[in-house]
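One letter stands for each residue in the lines below.
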Amino acid sequence: VMGGNHTQTKFVLLGITDSPRAQTLLFGLFLLIYVVTLVGNIGIIVLVWVVPSLHTPMYFFLTHFSFAEVCYSTVISPKMLADLLSENKTISFAGCAMQFHFFAFFATAECHLLAAMAYDRYVAICNPLLYMTVISSHARWRLVALSYLLAFLSAAIYTSCTFGGSFCGPNRIDHFFCDISPVLKLVCSDTRSSEVAIFAFVIINTVGTSTIILVSYTCILRAVLRTRLTQSRSRAFHTCTSHLTAVSLFYGTIFFMYLQPVSSHGSLDKVASIVYTVVTPMLNPFIYSLRNKEVKGALVRFRRRMLN
């Protein structure tokens, strides 16, 4: 994947802040967030696996989503936490490219899985009689496999465009992980064609999937507003709004980061990056599962079984 005649063998990550006190505070905060992320997401995977009542298409997609979240935060957080405590914040050229590749892979997979989850809810609420036929076991696996395949191809393109140039000058990356714009700023050769290719694929992946999500939820809300039952109406409305909140947070920060030219990136980048690499993976288990009755019931039954 790596083209170019790179003379750099390693990079220095400048991290989030220079202040030792702030670094210690952030270490504590991010460690807590990372632990909550792991416990929440792995907890969902285990719960869906052991509780038969959760063996439905919706939770099938949710386990894959949680798996992607765990991998995605693990690509970023441990290195970021280690750097907050150490003087030596270096990363090898290959390590940097690998970190970025896996980050891009899991982030793109999440976009496609979110679209699959929205489509699943759309079929369940708008065409309930066709649900088991449309979202069959075969269809589910195909949607998930397609999500991972598209993510793999996109990540390969992003990585070769970002790390394919020649790195002959400075090696200090002004960020806490290896991301597109701070790495491209260090390339000595012309990066315009790489930027255009990256931009095109980001558009396809993010605008494509967010359109599917918005259309699905618009149809769901219209169907919900037509129902006579106030209770089911408010419950569906509640679910839709919490899902859309999570989606807007994730996509909003991603659009902010990747749909602007490399030259116009500034000081807000690190804040935006913290939102989608650290904060949303922690919030998602609560938004997508711990607030609904099925999961709460399953947790209670699981706890009883463990205690007995």
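Conventions used here
Residues numbered from 1 in each chain as written. Predicted model: local features only at pLDDT ≥ 70, side-chain atom pairs only at ≥ 80, totals over all residues. Heavy atoms only, no water. UniProt positions renumbered as here; feature names shortened; annotations may be inferred. Helix = DSSP H or I, 4+ residues; strand = E, 2+ residues; numbered from the N terminus. Pairing = 2+ DSSP bridges. Contact = heavy atoms within 4.5 Å. Axes fitted to C-alpha atoms, helices over the stretch in contact; angles between N-to-C directions.

The name given to the chain in an unreviewed UniProt entry is Olfactory receptor, and the organism recorded there is Pampusana beccarii. Looking at the chain in UniProt, the text filed under Sequence similarities (unreviewed entry) is "Belongs to the G-protein coupled receptor 1 family." Per UniProt, the chain carries the Function (unreviewed entry) text "Odorant receptor."

Observations regarding the UniProt feature "transmembrane region" (unreviewed entry) in the chain
In this structure's numbering, the residues bearing the UniProt feature "transmembrane region" (unreviewed entry) are residues 25-52, 113-131, 143-167, 196-224, 236-259 and 271-290. Split by type, residues 25-52 is 93% helix and 0% strand. Its first and last C-alpha atoms lie 42 Å apart.

Notes on the sheet that holds strand 1 (residues 10-13)
What the 3 strands build is an open sheet, ordered 2-1-3; its pairing is mixed. Edge strands, defined here as strands with exactly one partner in the open sheet, are strand 2 (90-92) and strand 3 (172-173). Pairing of strand 1 with strand 3 involves 2 bridges; the strand directions are parallel. Paired with Leu13 across the two strands is Ile173, which belongs to strand 3. Packed on one face of the sheet, helix 3 (residues 93-126) meets strand 1, strand 2 and strand 3 and runs near 85 degrees to strand 2.

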